[in-house]
Amino acid sequence: MRERIRAVLAGAIDYEAGLDALAVTRSTEVDPELVAAKDEACARLWRGGWQPAEVHRVVARRGQPRQADLVTDAVAAYLRRFPRDAVDERWLAQADALGARVWWTGDATYVDELAARWRLDRVAVLDLLVGLLVILAALPPIEVLVPPPGSAPPPGGGSGRAGASRIDARLLDRVRALLAKAESTTFPAEAETYTAKAQELVTRHSLDEALLAARGSDATPVVPYARRIGVDHPHEREKASLLDVVARANRCHTVSSPELAFSTVFGFDTDIDAVDLLYTSLLVQAHRAMARAEPPGGKAGRNRLKAFRQSFLVAFAVRIDERLTDAAQRALAQVTGGSDGTGVSDPVDLLPVLASRDEQVRETMRRVFPHTVRARASRVESHEGWESGRQAADRATLPTDTPRR
C-alpha cells in the first residue's frame with residue numbers, strides 16, 4: 001500500500017486512477033498508511049527548517065483551506081512525541097496560534113472521523129490527503145531558524161541561540177498596545193502621538209543594546225540572525241516591497257521568497273521586532289485606506305480594480321520609503337549631534353557601531369543566501385491608484401512621526 005501511495009506521488013500512476021484504487025481498497029489498509037505518510041511528510045519539513053505557520057501558509061496558498069487544517073493536525077500529532085518543556089517556545093507559540101490539538105481518538109480512525117467532522121464522503125477526504133502529500137513533496141529544505149522539536153537547542157537559554165536579545169516582554173506589550181490604538185483611532189494627531197511613543201520605546205531599547213554589545217558589557221556576544229515573515233497573496237510583490245522598505249529603515253535587510261509565501265528578514269532581534277510590528281501596522285493602515293479609496297468593483301470593473309490596488313500598494317510603499325528614510329536621517333543626526341534625548345550616552349560612538357552591525361547583518365545574509373536576484377519593479381497601471389496610495393502614505397502614522405501640537 002505504501003508503494004502505491006508513493007507511485008501516485010511520483011506520478012508513476014495517474015492521480016485519478018491512483019485515487020480510485022485507494023478508495024476501493026479496505027480502509028484498514030489505506031487509512032493508517034495515508035495518515036503516517038502525512039505525518040512523516042510534515043516531520044521531514046520540520047526537520048528541514050520549516051515552521052508550523054510557514055507550512056500552513058504555503059499549503060493554504062497552493063491547495064485548499066482544509067488541506068491547511070490537515071497540516072495543523074500534523075503539528076499536533078508531531079508534538080505528541082515530545083515533552084512540552086523540551087520544545088522551543090517559538091515553535092509552541094505557532095502551534096498554539098494554529099489551534100493544534102489532538103481531537104481525534106486514534107490514527108486508525110482519523111480518516112473516518114475527519115469525514116464525519118467535515119461532512120464529506122470518504123473519497124473526498126482521501127483526495128484532500130493525497131493532494132496534500134503532493135504539495136508537501138514539492139517543498140524543499142530551508143534554513144533552520146527555530147530548532148524543531150527533538151533537536152538540541154543552541155546554547156543561550158530560552159531564546160534558542162547564543163546571545164540573542166529581544167525587546168522586553170513588558171515593553172513589547174506596551175508597543176503593541178500603542179500601535180493598536182494608533183490603528184483604531186480616527187484622529188490623526190492622536191494616532192501620531194501613540195506611534196511616536198511606540199517608536200521612542202523601541203529605538204531607545206535598540207540603541208542601548210547596540211552600544212552595550214559594542215562595549216562588551218555582556219560576556220555572550222549578541223549576533224544578527226533572521227526571521228521569516230509571511231507575505232500573503234494577493235499582491236505579494238508589493239507587500240514584500242513594503243516589508244523591505246520598513247526593514248531598511250530599521251537597519252535590516254530582506255530576501256523575498258514569493259514561491260514559498262515569505263520574506264526572510266536579517267538583522268538583530270530588537271530591530272526585527274520593530275520591523276515586524278511596524279510592517280503589520282502599516283499593512284493594516286494601507287488596506288483600510290485602499291478599501292475607502294478604491295473604485296466600484298463588479299465584473300466590468302474587475303481589471304480596473306486589480307490595477308488600482310496594485311498601483312495603490314506600489315505608491316504607498318514608495319512614499320513610506322521616502323518618509324521613513326527622511327525620519328531615520330533626522331533621528332540619526334539628532335543622536336550623533338548630541339541632542340538626541342534618547343538617554344543613550346556617548347552618542348558619537350553610535351556611527352561606527354551601527355556600521356559594524358550592518359556589516360554583520362549583511363554577512364549573515366550572504367551566508368544564508370549566497371546567490372540572490374534583484375526583483376523587477378512592479379508596473380504602475382492605474383494613475384488613480386498611484387495618487388490614492390501616495391495620499392494614504394502621507395496620512396499613515398509612523399512611529400518616527402512627532403506628535404502635532
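Computed from a predicted structure; not experimentally measured.

Criteria and cut-off values
Residues numbered from 1 in each chain as written. Predicted model: local features only at pLDDT ≥ 70, side-chain atom pairs only at ≥ 80, totals over all residues. Heavy atoms only, no water. Core = buried A, V, L, I, M, F, W, Y, C linked by side-chain atoms within 4.5 Å. Buried < 20%, exposed > 50% of the residue type's maximum accessible area, 1.4 Å probe, protein only. Helix = DSSP H or I, 4+ residues; strand = E, 2+ residues; numbered from the N terminus. Contact = heavy atoms within 4.5 Å. Pairing = 2+ DSSP bridges.

*Asks:* Looking at this structure, I do not really get the nonpolar core. What am I missing?
*Replies:* What tends to happen in soluble globular proteins is that the nonpolar side chains get buried as a cluster. Formed by 50 residues in total, the largest nonpolar core has its most connected members in Trp46, Trp50, Val59 and Leu136. When residues of this core are traced back to their parent elements, those giving at least two are α2 (15-24), α3 (27-47), α4 (52-62), α5 (65-79), α6 (89-98), α7 (110-118) and α8 (122-137). Not counting the four nearest positions on each side in its chain, Val59 is found in contact with Gln64, Gln67, Ala68, Val71, Leu132, Ile135 and Leu136. With 26 residues, the next largest nonpolar core counts Ile272, Leu282, Leu283 and Leu324 among its residues.

*Asks:* I would appreciate a short explanation of the pairing of strand β2 (residues 253-257) in the present structure.
*Replies:* Counting buried positions over the five residues of β2 gives four, a clear majority of the element. With five bridges joining them, β2 and strand β3 (residues 262-267) adopt antiparallel strand pairing. Considered in β3, the bridge of His253 is made with Phe266.

*Asks:* What am I meant to see in the environment of Asp232 here?
*Replies:* Checked against the element boundaries, Asp232 lands in the loop between β1 (225-230) and α11 (236-249). Assessed through its relative accessible area of 40%, Asp232 is described here as partly exposed. Separated by 175 residues in the primary sequence, Asp232 and Arg57 place their C-alpha atoms 8.0 Å from one another. Dropping the residues within four chain positions of it, Asp232 is found in contact with Arg57 and Lys239.

*Asks:* I would appreciate a short explanation of the side chain of Asp39 in the present structure.
*Replies:* With respect to the helices and strands, Asp39 occurs in helix α3. On the accessibility criterion, Asp39 (12% relative accessible area) is buried. Other than its neighbours up to four places away in sequence, Asp39 contacts Ala74, Ala77 and Asp107.

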